[in-house]
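Residue strings, one per chain:
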Amino acid sequence: MNTRAHRVATAAAAIVLAAALPVAAQTGNPYHLKAGAKGKACLECHTSFEKTLAQPFVHTPVKAGECADCHNPHTSDHGKLLAASPETICSECHSDIVPKGASSVHQAVLEGGCVQCHDPHGSANKNNLVEAGNALCLTCHDDIGDAVKAAKFRHAPVEKSCLGCHDPHASTNAAFLLKKQVPGLCLGCHTADAAFTRQHQGYPVAKGDCTSCHDPHGSSRGALLWADVHKPVETRMCAQCHEDAGSSDPLKLKRAGADLCGGCHRDVVNEASTSKQVHWPVVDQRACLNCHNPHASKVGTLLAAPMTTLCGRCHADTVAREERSLAKHPPVQDGDCTTCHAPHAADNPLLLVEANTIELCGTCHDWQMHSTHPIGAKVVDPRNPNLNLNCLSCHRN
């Protein structure tokens, strides 16, 4: 190879190697900008950044005029001429944002959406936040904001700052970005003294899960109880389900599973024991606790979660199919599976509340509007002589 060809090959190899490295890993002046250029050259066109530089909080590379730390001044595969994907760029300097073995990570962080919360250039708010305080969190968590606003009683830390209880990026200790596991987090403010114990009927609840009874954000019920409260809890009759407060194991249940719940909800237990089809969570060891919270819940009938989420834990395929569907069935879309299915037991396949498909659909839809189309037990499906024509012959459920 002659000297000129060798120089060309060497230069080409150097360019390829430099392009493969993130900007922060490249030393010197990777874009060969003229002396003193860098940020100054950028500001000749991006004049609006003069206002950004005047902000109280300016991102360190911006303040130093190092625009090329994040941007490629020539061309890029990423928007805004970023030198790499946003999460890659941010992590080059902020690699410790998510600790190893984190128990929970903020969804925005997982998706590399740093700029959802932080302005990459400058801001009027500390840490370059795009909004100050709770206003930032509530841009995404507006459902919590609306609930707190409507609540008669609000948890004091919520009104001060979400960061009193939550880490903004990740938590090494707990779910939901909590700084500590419950009840340790709660005991940072609430002292488990004699008065506290008396308020809880003498039971050692300081070792339990406070959120099984209390809404950590706000409630229209006294003591921040969840919206739907189990009658024994509401009437302070803990001993109806638990051993006596003065016993050696006061939090132990008097009986297990459906045997305990059946003491009050005998009709449900009887239905399950006499029906042809039984929902499997009713008959396993946890029984009622598979779907219901025993103390209180923000969802009616003490459900452990909204119905779509709750049912979706087992029936994820059905929920996913509905989400992909262009024409969504309103009961599924509204999260009311029990419009069509009995939650505990039934005599019909698939726990349907009606044996006849046409009659079931007719509870919401006037099937007689299709009276010109033959359907019913006496009408054979021309595609399969083993089937009759009904609503599901043409419509997906």
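Now for a description of the structure that goes with this document.

### Regarding the overall build of the protein chain
The helix and strand inventory of the protein chain stands at 18 helices and 12 strands. Expected size for 397 residues packed as a compact globule is a radius of gyration near 21 Å; at 31 Å, the protein chain overshoots this value by more than 25%. Its C-alpha atoms give the protein chain principal-axis dimensions of about 90 × 75 × 45 Å. Expressed as a percentage of contacts within the protein chain between residues at least 6 apart in sequence, the contacts between residues at least 24 apart total 49%. If you sum the accessible surface of the protein chain, you get close to 26,400 Å²; carbon and sulfur atoms cover 58% of it. Separation of charge centres in the protein chain, based on 35 positive and 38 negative side chains, amounts to 5 Å.

### What to know about a nonpolar patch on the surface
A surface patch of nonpolar side chains, amounting to about 290 Å² of accessible area, comprises Val 278, Trp 280 and Val 283. You can see Trp 280 is positioned in helix α14 (residues 280-283). Under the relative-accessibility criterion, Trp 280 is labelled partly exposed at 45%.

### Describing the pairing of strand β12 (residues 384-389)
Inspection of the sheet shows strand β11 (residues 376-381) paired to β12 by 3 bridges, in the antiparallel sense. Looking at β12, one finds that Gly 376 is bridged to Leu 389. The antiparallel hairpin formed by β11 and β12 contains 2 residues in its connecting segment.

### Some remarks on the side chain of Ser 275
As for its placement among the helices and strands, Ser 275 is situated in the loop between α13 (266-274) and β8 (277-278). At a separation of 2.6 Å, a polar atom in the side chain of Ser 275 contacts the main-chain carbonyl oxygen of Glu 271. When sequence neighbours within four positions are dropped, the list of residues in contact with Ser 275 reads Ala 345, Ala 346 and Asp 347.

### With respect to the pattern of salt bridges
Taken as a whole and assessed by the stated rule, the structure comprises 3 salt bridges. A salt bridge links Arg 154 to Glu 159; the nearest nitrogen and oxygen atoms lie 3.6 Å apart. Under the relative-accessibility criterion, Arg 154 is labelled partly exposed at 37%. When the shortest N-O distance is used, the salt bridge between Glu 234 and Arg 221 registers 3.1 Å. Taken as a pair, Glu 234 in helix α11 (residues 231-234) and Arg 221 in the loop between β6 (218-219) and β7 (228-229) lie far apart in primary sequence, 13 residues in all. Look at Glu 234 and you get partly exposed, because its relative accessible area is 39%.

### Details of unusual backbone geometry
Val 182 connects to Pro 183 through a cis peptide bond whose omega is 15°. Looking at the secondary structure, you find Pro 183 in the loop between β5 (170-171) and α10 (194-199). Positioned with a positive phi, Asn 127 is a non-glycine residue whose angle comes to about 65°. Within the secondary structure, Asn 127 is located in the loop between β3 (122-123) and α7 (134-137).

### Considerations on the side chain of Asn 128
Residue placement: Asn 128 occurs in the loop between β3 and α7. Using a relative accessible area of 9% as the deciding quantity, one classes Asn 128 as buried. Sequence-distant contacts of Asn 128, defined by excluding residues within four places in its chain, comprise Phe 57, Val 58, His 59, Cys 117, His 118, Asp 119, His 121, Gly 122 and Ser 123.

### Some points on the environment of Gly 312
Position of Gly 312 relative to the elements: it lies in helix α15 (residues 307-312). Gly 312 gets classed as buried once you look at its relative accessible area, which sits at 17%. When the C-alpha positions of Gly 312 and Glu 271 are compared, they lie 24 Å apart, and in sequence the two are 41 residues distant. In this structure Gly 312 touches Met 307 and Val 319, once residues within four positions along its chain are discounted.

### Some remarks on the environment of Lys 179
As for its position among the elements, Lys 179 is in the loop between β5 and α10. Expressed as a C-alpha distance, the spacing of Lys 179 and Leu 163, which sit 16 residues apart in the sequence, is 8.8 Å. In this structure, Lys 179 is in contact with Leu 163, Gly 164, Cys 165, His 166, Asp 167, Asn 173 and Leu 185, ignoring residues within four places of it in sequence. Within polar-contact distance, the side chain of Lys 179 engages the backbone oxygen of Leu 163 at 2.6 Å.

Conventions used here
Counting restarts for each chain, with residues numbered from 1 along the sequence as it is written. In keeping with the model being predicted, local features are shown solely for residues with a pLDDT of at least 70 and side-chain atom pairs are shown and tallied solely at 80 or more, while totals for entire chains, interfaces and linings include all residues. Side-chain metrics rest on all non-hydrogen atoms present in the structure, leaving aside hydrogens and water. Under the scheme used here, helices are H or I runs from DSSP no shorter than 4 residues and strands are E runs no shorter than 2 residues, and both carry numbers assigned from the N terminus. Just to be clear, the radius of gyration here is over C-alpha atoms, and the globule rule we use is 2.2 Å times residues to the power 0.38. Any two residues whose heavy atoms approach within 4.5 Å are treated as being in contact. All accessible-area figures derive from a Shrake-Rupley calculation using a 1.4 Å probe, and residue coverage is judged against the displayed protein chains alone. Charge counting follows a simple rule: Lys and Arg are positive, Asp and Glu are negative, and His as well as the terminal groups are ignored. Lysine's charge is taken at NZ, arginine's at CZ, aspartate's at CG and glutamate's at CD. Like charges are joined within 9 Å and nonpolar side chains (Val, Leu, Ile, Met, Phe, Trp, Tyr) within 5 Å, but only among residues with over 30% relative accessible area and no salt bridge; these make up the patches. Salt bridge, as applied in this entry: a Lys or Arg side-chain nitrogen positioned within 4 Å of an Asp or Glu carboxyl oxygen. Each residue gets one of three labels from its accessible area relative to the maximum for its type: buried under 20%, exposed over 50%, partly exposed in between, using a 1.4 Å probe on protein chains only. DSSP bridges decide pairing: two strands pair if at least two such bridges lie between them. Definition of a polar contact: a pair of N or O atoms within 3.5 Å, with one able to donate and the other able to accept a hydrogen when the atoms are protein atoms, and with sequence-neighbouring residues admitted only if both atoms are side-chain atoms.

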